[in-house]
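Reading the structure
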Amino acid sequence: MIALLAGALLLALAVALFSFWKLPRRSHGKVNYPRSLPSLPVIGSLLHLGSHLPPHLLFCSLQKKYGSLYSLMMGSHYVVIVNNHEHAKEVLLKKGKTFAGRPRTVTSDLLTRDAKDIAFANYSPSWKFHRKLVHSALSMFGEGTIAIEKIISREAASLCRTLSSFQDNPLDMAPELMRAVTNVVCSLCFNTRYSRGDPEFESMLYYSKGIVDTVAKDSLVDIFPWLQIFPNKDLSLLKRCVEVRDNLLQKKLKEHKEAFCGETVNDLMDALLKAKLSTENNNSNISKEVGLSDDHLLMTVGDIFGAGVETTTTVLKWIIAYLLHYPEVQRKIQEELDMKVGLGRHPVISDRRSLPYLEATISEVLRIRPVSPLLIPHVALRDSSIGEYTIPKEARVVINLWSLHHDEKEWADPEVFNPDRFLDEDGNHVHSPSPSYLPFGAGIRVCLGKALAEMELFLFLSWILQRFSFETTEEGALPDLEGEFGVVLQVKKFKVTARLREVWEQMEIST
C-alpha cells in the first residue's frame, strides 16, 4: 500500500510539472491567447470552477468577467470556452477541419472501445468512411420518404394505443417514449422492434441510464486518468452498463453474420457487413486503414443506436413538460391540427408545411432546453485562431450551446418560452430566426441523425396531440424545468395524464 501511494504521489508530481509547462503563456507580437481563469499546477482551474451551477450555466456566467471567449485548465488540459455564435461558427464551419478533433477520455474510451465509433472518434479517413457509410445506409432506408415515415407512424400508433390503455391514470412517459424511439432506430440498425415489457428492452433502459449518468461529464477520472487505480463507483457502473450493451450488440452482430448473404441489405448492420466484405475482397489494406474490424462495426452501430435514442427521447420529454406548463400552447397546436389535418386521417410528414405552430414549438424547445447544452468538445488539430485569439494545437474547444441559445443580444427575453419567435409576420415557420440557433451543431461534425430526429419529433407529437391532451396529475405538480446536466440535459422524472380529447371519444381513425 505504501509503495502504491508513493507511486501515485510521484505520478501526481509528474503531472504537476507537465501541466505547468503545458499552460500556454501570453507573449509579445502576434500571439494573443484568450483571457484565462487562474490556474495552479496539477489541478488547473478547478478551484475556480467549484459552483452549485451546472457547467453550461457556470460557463455562461463567467462571460461577465472573462468575455465571451476565454480559457481554463482542466488538470493539464487547455480548454477554450466559446459562448457566442460568431466564434462558434468559425470553429464549426469556417475552420471545421482544423477543429474536427476529439479528446480522448477514460469514460469515452470505455464507451467506444478506444474511439472506434463516430461521435467520439478523431477526424480521420476511418471516421470519414464510417460517417459516409452510415449516411448512405440511412438514405437507403428512405430517410425523409415513405419508408421511414411508415416506421415512425407504426410506432406512433403503438404509443397512442399505450396511452389509451392508461387513460386518466398518471403515467411516466419516459419508458414509453424511449421504446417508441428505440423501435425506430432498431428498425434502421437491426430490422427489429420491441414489445412493451420485453426483457431485452428493459436491459436497454438500464444500460442507457448508466451511460448517460457517467459519460462525458468531466469527472475527475477524465481529468486525471491516473485516478483509475483507485475504486470508483461511477467507473464501475459504466463498465457494467457497457458490458450489458456490448453483449446485446454482439448478439445482433452474430445473428446478422449468420443470416447475411451478401446481396440483400435489410438494415444498417447489413450495410456495414457488406462494406466490410467488399473491402476485404478488393484490398485487405483498405479494411485496416478505414477500420472495419468487428469492434468498429459494433461501435458505429452502438453510436447511432445510443445517440439516436437518448437525444430524441429527451427532446420529446422536454416538449411534454413545457406543454404542461403552457396549456395554451398545447391548445393552439391542437386547433392547428384540427383545422389543417382534420379528424379523418393521421398526420403525415408532408403536413409539416401546413403546421407551422407545431414546428415552431419544437424549435423553441430545442432552443430553450438544448439537448446537449455543451457540444462534445472539439480539439485543434494544429495551431490556429478563433477571432483575434491564438489557439494552440491540441487545445480543447467547447461550444456552449446554452449561451448561444440564451444570448440576450440575439433573443428577446431568452428565458421566456415563446414559440412565436419562430414564426414570421404571416405565421410561417422560420427555421433559424437568429444565427445563434444551432440545435444540432453545424459543419462536418453536425448531428448525423438530424433529419431523422426532426421527422420523429414531428410525427410522434402530431399523432399524440391530435388525439390526446396532456394534463397534470391529481396532485397538480408541474415538471421541473431546470434539468439535470449530463451527456444530455435530462428532464427530471415526472408523471402526466394523457386524456382522450372530446372530439375523439366517439371516433375511430382507420390506420
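Predicted model, so just to flag it, every value in this text is computed and none were measured.

Concerning the sheet that holds strand β3 (residues 378–379)
An order of β1-β2-β6-β3 is seen for the 4 strands of this open sheet, with the pairing classed as mixed. Each edge of the sheet is formed by a strand with only one pairing partner; in this case those strands are β1 (69–74) and β3. One ladder, built from 4 bridges, connects strand β2 (residues 77–82) with strand β6 (residues 396–399); its direction is parallel. Paired with I81 across the strands is V398, a residue of β6. Along the sheet, helix α4 (residues 85–94) makes contact with β1, β2, β3 and β6, crossing β6 at roughly 125 degrees.

Thoughts on the packing of helix α11 (residues 233–259) against helix α14 (residues 294–325)
It is the contact of α11 with α14, at a shortest axis distance of 10 Å, that shows an interaxial angle of 110 degrees. One element, α11, and the other, α14, form an angle in the roughly perpendicular class. The interaxial crossing formed by α11 with α14 has right-handed handedness. Of α14, the residues touching α11 (which contributes R245, D246, L249, Q250, L253 and K257) are D294, L297, L298, M299, V301 and G302.

A look at helix α16 (residues 356–368)
Across its 13 residues, α16 extends 18 Å between first and last C-alpha, which sits within 8% of the 18 Å expected from 1.5 Å per residue. By the criterion of burial, α16 is predominantly enclosed, with 13 of the 13 residues buried.

Concerning the pattern of salt bridges
Two side chains that carry opposite charge are able to pair once their charged atoms sit near each other. Per the stated rule, a full pass over the model turns up 24 salt bridges. Between K95 and E90 there is a salt bridge, with its nearest N and O atoms 2.9 Å apart. Summarising the burial analysis for this pair, K95 and E90 share the class buried. A salt bridge links D295 to R113; the nearest nitrogen and oxygen atoms lie 2.5 Å apart. Placement of D295 in helix α14 and of R113 in the loop between α5 (106–112) and α6 (125–140) is noted, with a sequence separation of 182 residues between them. For D295, a relative accessible area of 27% puts it in the partly exposed group. Via salt bridges that share partners, R113, R245, D246 and D295 belong to a single interconnected network.

How each quantity is defined
Residues numbered from 1 in each chain as written. Predicted model: local features only at pLDDT ≥ 70, side-chain atom pairs only at ≥ 80, totals over all residues. Heavy atoms only, no water. Pairing = 2+ DSSP bridges. Helix = DSSP H or I, 4+ residues; strand = E, 2+ residues; numbered from the N terminus. Contact = heavy atoms within 4.5 Å. Axes fitted to C-alpha atoms, helices over the stretch in contact; angles between N-to-C directions. Parallel < 35°, antiparallel > 145°, perpendicular 65-115°, else oblique. Left-handed = near helix turned anticlockwise from the far one by under 90°. Expected span 1.5 Å × (residues − 1). Buried < 20%, exposed > 50% of the residue type's maximum accessible area, 1.4 Å probe, protein only. Salt bridge = Lys/Arg side-chain N within 4 Å of Asp/Glu carboxyl O.

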